[in-house]
Amino acid sequence: MAAVAAVAMCLMWFLIILLAAVGPASLPRLAAAQPLEEAASGVTLRVEHGQVVVDNGVVRVALSAPGGQITGVGYNGEPNLLEYGAGKGSSGGYWDAVWNYPGSGIPEGLYNTLDSTEFKVVSSSEDQVELSFRSTYDASIRDSIRLNIDQRFVMLKGSSGFYCYAIFEHASNYPALNVTEARLIFKLNMEKFNYMAITDDIQRYMPSAADRDAPRAVPLASKEAVLLVDPMEPQFRGEVDDKYQYSLDNKDNVVHGWISSSDPNPIGFWVITPSNEFKNGGPIKRELTSHVGPTSLTMFLGTHYVGKYIVLKIDDGEHWKKVLGPMFIYLNSSPKGSDIRALWDDAKAQAQAEVRKWPYSFPGSPDFAKADERGSITGRLFVRDRYMSKGDMPAGMAYVGLASPGQPGSWATESKGYQFWTSATSDGSFTIANVCEGEYSLFAWVPGFLGDYLYPSPITISPGRAISVGDLVFEPPRLGPTLWEIGIPDRTAAEFYVPDPEPKYASRLFINKDRYRQYGLWERYAALYPENDLVFTVDKSNPSRDWFFAQVTRKVGQDNLPTTWQIRFSLDHVVADGTYMLRIALAASERCRLQVQINGGAPSKGGVFTTPEMGDDNAILRHGIHGLQWSFEFPIRGDLLLQGDNTIYIKLTPAGSGGPDSVAGVMYDYTRLEGPSTGIASCGVLKLAPIDQIWMEILFLSLVVFLVLYQYGDLACSGSNAR
């Protein structure tokens, strides 16, 4: 028996050693392009006439010199993963911008592919190669972009990808300009890449670029949207394709890209954003990702979902400089027959690895701040609203950030500087690490509460210094107790009714999730309300069923007619000489104005309020659930309200010239009516009419006086007995 046991033990160890030897080679795994020995040889640089080639044994990249356009990406035996044609500006990988200048008379802006004129090797070793492709503003060239731009390319030893970043600079002697877009774009091989992944839920096989052209497609309301009527792949027939269906908030945009799913060994091409500090508009600025082309891009500066309010404007003689990136372009592959979902999961893991490495240590530009050139800030945020809680409430999940000095909420339209954001923990604590040196305002906003927090004074961040601001208190706007409310103050319209799309426009990807991404939902309003507009009755109607996600105009023939929504509510008591407050927060708006009327009151009696013309985010047409937030407060005299039934009318009228590529309207975030201020704290659980509150105050004060007198009497008697 002992001999048998010994033999068995030997066999077991033999199998363990055998599995250890062959296991890594035989198990399915994501693969590099070349044997490890070759990858370990380091990064090589070859400069040729008109081009430069960088190779680390895993990835080989060719760039035009001095232009800086990425003309080829070789990986895993594939000579070029890009769609590139010599002489074509919009092919391969490239930077571009849309810009303008005061008085140009070109409202749509000037488009430039940012071709460089100077090439330089910044560093070259077996561990790293960094290249510079630079262009300088030349006043003698008509419509030369008024910036110095230094495009950088970096490849590291053993890395399955490469890095791109750029330094944009406006010198102090340059004339003014406005920049609406600055992007890094990759046009991928059309014969290979057919599966796109944006999030865990938003990924699918995609139609081809040729499917978007007539006669295979029919144009819709905007130039970006087409109905596929005769695509090469029948599975796409009857669907809408629009690049805005795949947009994401900055905070959610960490990795996206494409997979060559039909290849024997599928390859993934991924754009990874390790930090959003260099993007404009803050964490909930919404932007493009990947779309049919196949195309993957990064929007560093963009006006989508905000509009003209976020255009980067640089004055005559103003010095400005900003580092955009680095971005990591990651490549991976999987063995034949393996699940392509594994490529996505691996890309997500790599994205998190890049986030942990931030700020990178390798960029050669002194303008990129390394870790030892940055500081940090900590604190804890509370919310004080005595109509909701007697004590201060921890601002759990608050968005807290540093951005250029400004007014409350100005971060949402800020483009010049860097922004650094975090989410507070459940107890309101926050830490913002790795902040570039400079002067900032500390901003915050808290889901569930109206308004924006702004620290009372600017904050200076210094290298290596950790600042603590201690406990901070945010007091949201509030006049009196909540009488009723519609929605949730979270800066989106997601909680309201999003209808089913018109069947002929339905996209199967968004049937059961993110339905707001479906095309043409604004047209469903007239179908659901063909004659009479929406009426919402407080305490009877349900916001998720009865409040349409967007108030839009009604299209009758070629005309867009105003619409008027009603909010009906009842009041048991009214303080005739008191002031009530109607608060309306909008999640989005497009070229319109609102007129708010209280019980049909006349303007001369103060019962009508009109907003200024507002909105340029076009979020309704572009399948967003939010754009740029707007907040309004309308003080209402008590004598305009009635004991019993009341009605607030909200009339939406188009304003300005939006053109065919926009839909005039608003998305509501939150609406609340507050009663007059009671002057005392309330926990918000018991809602009393003002007259009842007065009597309760009288009773409470009487009780306090009685107890004081009673206690005083006891003390007096005790003292008398002692004597």
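Quantities reported herein were computed from a predicted structural model and do not represent experimental measurements. (Residues numbered from 1 in each chain as written. Predicted model: local features only at pLDDT ≥ 70, side-chain atom pairs only at ≥ 80, totals over all residues. Heavy atoms only, no water.)

**Some words on the overall build of the protein**
And step 1. The number of helices and strands found in the protein is six helices and 45 strands.
And step 2. Put simply, the protein has 723 residues, and 53% of those count as buried.
And step 3. Once local pairs closer than 6 in sequence are excluded, the contacts in the protein between residues at least 24 apart make up 70%. (Helix = DSSP H or I, 4+ residues; strand = E, 2+ residues; numbered from the N terminus. Buried < 20%, exposed > 50% of the residue type's maximum accessible area, 1.4 Å probe, protein only. Contact = heavy atoms within 4.5 Å.)

**Brief notes about the sheet that holds strand β18 (residues 255-259)**
Consider a sheet: its strands pair through backbone hydrogen bonds, and that pairing is either parallel or antiparallel.
And step 1. What the nine strands build is an open sheet, ordered β7-β8-β9-β10-β24-β19-β18-β12-β13; its pairing is antiparallel. In this open sheet, the two strands that pair with only one neighbour each are β7 (118-124) and β13 (203-205). Between one strand and the next, the sheet's axes are offset by a mean angle of 15°, whatever the strand orientation.
And step 2. Sheet topology note: the strand β10 (residues 161-170)/strand β24 (residues 320-333) ladder contains nine bridges and is antiparallel. Its bridge partner being in β24, F168 is matched across the sheet by K322. (Pairing = 2+ DSSP bridges. Axes fitted to C-alpha atoms, helices over the stretch in contact; angles between N-to-C directions.)

**So, the packing of aromatic side chains**
And step 1. According to the stated counting rule, one finds 43 aromatic pairs in the structure shown.
And step 2. The residue whose ring lies beneath K322 is Y418, and the NZ or CZ to ring-centre distance is 5.8 Å.
And step 3. The aromatic ring of F368 is capped on one face by R374, whose charged end is 5.5 Å from the ring centroid. (Phe/Tyr/Trp six-rings, centres within 6.5 Å; stacked < 30°, edge-to-face > 60°. Lys NZ or Arg CZ within 6 Å of the ring centre and 35° of its normal.)

**What about the pattern of salt bridges?**
And step 1. With the rule as written, the count across this model stands at 40 salt bridges.
And step 2. Linking K416 and E318 is a salt bridge whose minimum nitrogen-to-oxygen distance equals 2.6 Å. Of this pair, K416 sits in the loop between β27 (399-403) and β28 (420-423) while E318 sits in the loop between β23 (312-314) and β24, and the two are 98 residues apart along the sequence.
And step 3. We note a salt bridge from R591 to E590, for which the minimum N-O separation is 3.1 Å.
And step 4. A residue is classified by how much of its surface remains accessible, and R591, at 23% relative accessible area, is partly exposed.
And step 5. Using a relative accessible area of 3% as the deciding quantity, one classes E590 as buried.
And step 6. A single network of salt bridges, built from pairs that share partners, joins D200, R341, D345 and K348. (Salt bridge = Lys/Arg side-chain N within 4 Å of Asp/Glu carboxyl O.)

**Concerning the side chain of H291**
And step 1. Position of H291 relative to the elements: it lies in strand β21 (residues 290-291).
And step 2. Of the residues examined, H291 reaches a relative accessible area of 14% and is grouped as buried.

**Examining unusual backbone geometry**
And step 1. Looking along the chain, the bond that leaves A65 and enters P66 is cis, with omega of 10°.
And step 2. With respect to the helices and strands, P66 occurs in the loop between β3 (59-64) and β4 (70-75).
And step 3. Note the cis peptide between A214 and P215, where omega equals 5°.
And step 4. We note that D514 has phi near 45°; this positive angle belongs to a residue other than glycine.
And step 5. Summarising the element assignment, D514 is placed in the loop between β34 (482-487) and α4 (524-528).

**Quick notes on the confidence of the model for the protein**
And step 1. With 87% of its residues at a pLDDT of 70 or more, the protein has an overall mean of 89.
And step 2. Low pLDDT (under 50) marks residues 1-39, which in the prediction has 29 contacts with non-local residues, meaning those over four places away or in another chain.
And step 3. In this model, residues 680-723 is a region of pLDDT below 50 whose contacts with residues beyond four sequence positions or in other chains number 27 contacts. (pLDDT = per-residue confidence, 0-100.)

**What to know about the side chain of T611**
And step 1. Positionally, T611 belongs in the loop between β41 (608-610) and β42 (614-616).
And step 2. Apart from residues lying up to four places away in sequence, T611 is in contact with R593, L594, F632 and F634.

**Some words on the sheet that holds strand β14 (residues 217-219)**
And step 1. Sheet architecture is open: three strands sit in the order β14-β15-β16, paired in antiparallel fashion. Whereas interior strands pair on both sides, the edge strands pair on one side only; in this sheet they are β14 and β16 (240-241).
And step 2. Across two bridges, strand β15 (residues 226-228) lies against β16 in antiparallel orientation. When the sheet's bridge partners are listed, V226 is paired in β16 with D241.

**Examining the nonpolar core**
And step 1. Membership of the largest hydrophobic core comes to 111 residues, with the highest contact counts inside it found for F162, F186 and L381.
And step 2. When residues in this core are grouped by element, the largest group, eight residues, is from β24.
And step 3. In this view, L381 contacts M393, P394, A395, A398, G428, F430, A444, V446, Y453, L472, V473 and F474; residues no more than four positions away in its chain are not counted.
And step 4. By size, the runner-up hydrophobic cluster in this structure holds 76 residues, among which are Y244, W411, W421 and F496. (Core = buried A, V, L, I, M, F, W, Y, C linked by side-chain atoms within 4.5 Å.)

**Some words on the pairing of strand β9 (residues 148-156)**
And step 1. The element β9 is extensively covered by neighbouring structure, given that nine of its nine residues are classed as buried.
And step 2. The side-chain alternation of β9 yields two buried faces, one formed by N148, D150, R152, V154 and L156 and the other by I149, Q151, F153 and M155.
And step 3. Note that strand β8 (residues 128-135) and β9 share eight bridges and pair antiparallel. Looking at the pairing, S132 lines up with R152 of β9.
And step 4. Judged from the seven bridges that link them, β9 and β10 form a sheet pairing that is antiparallel. Pairing of F153 across the sheet is with C164, part of β10.
And step 5. The hairpin formed by β9 and β10 contains four residues between the paired strands, and G158 there has a positive phi angle of roughly 75°.

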